[in-house]
Amino acid sequence: MDIDTRLLRYFLAVADTENPARAAQRLHVAQPTLATQIKQLEQQLGVELFIRSRAGWTLTAAGKVLAAQVPGLLAGWDRILRDTKSDASRAARVLRLGLVHSAAEGYIPEIIRVFHRLHPDWQVDIHSGGWTDPTAGLDEGDVDVALLRLPFPGQDGYHVRELFSEPRWIALPENHPLADREDIAFRELWDEPYVASPAETGWWRDYWMGLDSRPADTAIIGAIARSTDEWLNAIANDFGVSFTPASTARTNAHPGVVFRPVHGIGPTRVALVWPDASEADPVVRYFIRCCTDIMSRQDGRRTS
């Protein structure tokens, strides 16, 4: 019998929380989707794993047996995948870099030039993370190190070195009543519909609607976007507004969209992130040093 490891991860989340709503939030999936996946796992195994009630889901005797064994199984499988992919890239002399859109993109050419001074025979393969992949391949073991925006789902499981921060601005339709303002108070944006990433991105989506700084029940979603182009087009068509890094105003000019500073909300932060598997690798460590040295030097120039 072959079981999809995704089903086992869903099972563990529900087993840990005994609450499908909280488990769905942790997994960044819709609750009905999660319930369907658990039912599929039960059908494949031919056993009932949970006793369902209004108070929550509790493990059956069979469910407890599975819950005791699955964590070790998944940890071993994840380690095998990471090691296999990592060894293949080392043999090919390829450093795999994950990059979320607009996170330190302007620094990448200089970082690669400096990296190549000591490792001229290595290539840097850039994996760009889309709106549905805020870890830019880290979670799948597809990259050795990544430049990401904080916070991102699962960041507690990685080594994180914060590099710099920049203000969160708001992207507005050019005909919006606030579009002519030089500066906007965050409270003025609470009642606006937002162009958001898909539900499965969980609190990554919440952060870019400002829910780290206001009540969750004030969120209104006007449209869903899965790419930068979809996002800009939705805003230009007046489906909603959206927070974005200040640098987006320079890199993503778009007809019908304006970008404005916002006060009353914290900045977005950019960090280098890598898994345990990369911690002792000398090539990755040198690349990390290149990044930190270059960005520290640039930050010093900006503040001097």
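Keep in mind it's a predicted model, so treat the numbers as computed, not measured. (Residues numbered from 1 in each chain as written. Predicted model: local features only at pLDDT ≥ 70, side-chain atom pairs only at ≥ 80, totals over all residues. Heavy atoms only, no water.)

Caption draft 1: Representation of the sheet that holds strand 12 (residues 257-263) in the model. Pairing in this open sheet of four strands is mixed, and the strands run 8-12-7-11 from one edge to the other. Sheet topology places strand 8 (184-185) and strand 11 (242-245) at the edges, where each strand pairs with a single neighbour. The sheet contact formed by strand 8 and strand 12 spans two bridges and is parallel. Residue pairing in the sheet places Ala 185 in a bridge with His 263 of strand 12. On the sheet, helix 7 (residues 228-236) packs against strand 7 (168-173), strand 11 and strand 12 and is oriented at approximately 90 degrees with respect to strand 12. (Pairing = 2+ DSSP bridges. Helix = DSSP H or I, 4+ residues; strand = E, 2+ residues; numbered from the N terminus. Contact = heavy atoms within 4.5 Å. Axes fitted to C-alpha atoms, helices over the stretch in contact; angles between N-to-C directions.)

Caption draft 2: View of the pattern of salt bridges. Tallied over the entire structure, the rule returns nine salt bridges. For Glu 279, the salt bridge is made with Arg 285, and the minimal N-O distance between the two is 3.3 Å. Taking the relative accessible area as the measure of exposure, Glu 279 reaches 30% and is therefore partly exposed. (Salt bridge = Lys/Arg side-chain N within 4 Å of Asp/Glu carboxyl O. Buried < 20%, exposed > 50% of the residue type's maximum accessible area, 1.4 Å probe, protein only.)

Caption draft 3: Looking closely at the layout of surface pockets. Space inside the largest pocket adds up to approximately 1,400 Å³. Looking at the lining of the largest pocket element by element, the count peaks at 10 residues for helix 4 (residues 61-91). The class makeup of the residues in the lining of the largest pocket is 16 nonpolar, eight polar and 14 charged. Estimates place the volume of the second largest pocket at around 320 Å³. For the second largest pocket, the lining is made up of 14 residues, of which Tyr 107, Phe 164, Glu 166, Ser 247 and Arg 250 are closest to its centre. Every element with two or more residues in the lining of the second largest pocket is listed here: strand 6 (159-166) and helix 8 (248-251). Of the residues forming the lining of the second largest pocket, the biggest block, three residues, is contributed by strand 6. In terms of residue class, the lining of the second largest pocket is built from five nonpolar, five polar and four charged. (1 Å grid on protein atoms, 1.4 Å probe; cavity = no way out; pocket = protein on both sides within 12 Å on 5 of 7 lines; lining within 4 Å. Points joined across faces, edges and corners; volume = space filled by probe spheres on them. Nonpolar A, V, L, I, M, F, W, Y, C, P; charged D, E, K, R; others polar.)

Caption draft 4: Representation of helix 7 in the model. Among all positions of helix 7, only Thr 228, Trp 231, Leu 232, Ala 234 and Ile 235 are buried. With its buried residues spanning 160 degrees around the axis, helix 7 presents them on a single face. Contact partners of the buried residues in helix 7: strand 7, strand 9 (193-196), strand 10 (220-224), strand 11, helix 8 and strand 12. Looking at the residues trailing helix 7, positive phi occurs at Asp 238, about 70 degrees. (Arc of directions from axis to C-beta.)

Caption draft 5: Representation of the packing of aromatic side chains within the structure. Enumeration according to the criterion identifies 11 aromatic pairs in this entry. Ring centres 5.6 Å apart and planes at 50 degrees place the aromatic pair Phe 50 and Trp 57 in the tilted group. Take Trp 57: its relative accessible area is 10%, and that puts it in the buried class. Where Phe 186 meets Trp 190, the ring centres are 6.2 Å apart and the plane angle is 70 degrees; that geometry is what we call edge-to-face. Each member of the pair Phe 186 and Trp 190 is classed as buried. In textbook terms, an aromatic cluster arises when at least three aromatic residues are bridged by ring pairs, as seen for Phe 186, Trp 190, Tyr 194 and Phe 243. Here the guanidinium or amino end of Arg 52 rests over the ring plane of Trp 57, the centre of that ring lying 4.4 Å away. (Phe/Tyr/Trp six-rings, centres within 6.5 Å; stacked < 30°, edge-to-face > 60°. Lys NZ or Arg CZ within 6 Å of the ring centre and 35° of its normal.)

Caption draft 6: Representation of the pairing of strand 2 (residues 56-59) within the structure. Bridge count between strand 1 (residues 50-53) and strand 2: four bridges; the pairing is antiparallel. Pairing of Ser 53 across the sheet is with Gly 56, part of strand 2. Hairpin connection from strand 1 to strand 2: two residues lie between these consecutive antiparallel strands.

Caption draft 7: Representation of the sheet that holds strand 13 (residues 268-274) in the model. Ordered in space as 4-3-5-13-6, the five strands form an open sheet in which the pairing is mixed. Sheet topology places strand 4 (123-129) and strand 6 at the edges, where each strand pairs with a single neighbour. Shown here is a sheet whose adjacent strand axes are inclined to one another by a mean of 20 degrees, direction ignored. Across seven bridges, strand 3 (residues 94-100) lies against strand 4 in parallel orientation. By the bridge assignment for strand 4, Arg 96 is matched with Asp 125. Packed on one face of the sheet, helix 5 (residues 108-118) meets strand 3, strand 4 and strand 5 (145-150) and runs near 150 degrees to strand 4.

Caption draft 8: Inspection of the nonpolar core at higher detail. Leu 95, Ile 111, Phe 115, Val 145, Ile 170 and Phe 243 are the most contacted members of the largest nonpolar core, which totals 60 residues. The contact partners of Leu 95, leaving out residues within four places of it in the chain, are Phe 115, Trp 122, Gln 123, Val 124, Asp 125, Asp 144, Val 145, Val 283, Val 284 and Phe 287. (Core = buried A, V, L, I, M, F, W, Y, C linked by side-chain atoms within 4.5 Å.)

Caption draft 9: Structural view of the state of the cysteines. For the structure shown, the criterion picks out zero disulfides. Among the cysteines around Cys 290, which has no disulfide bond, Cys 291 carries the closest sulfur, lying 6.8 Å off. (Disulfide = S-S within 2.5 Å.)

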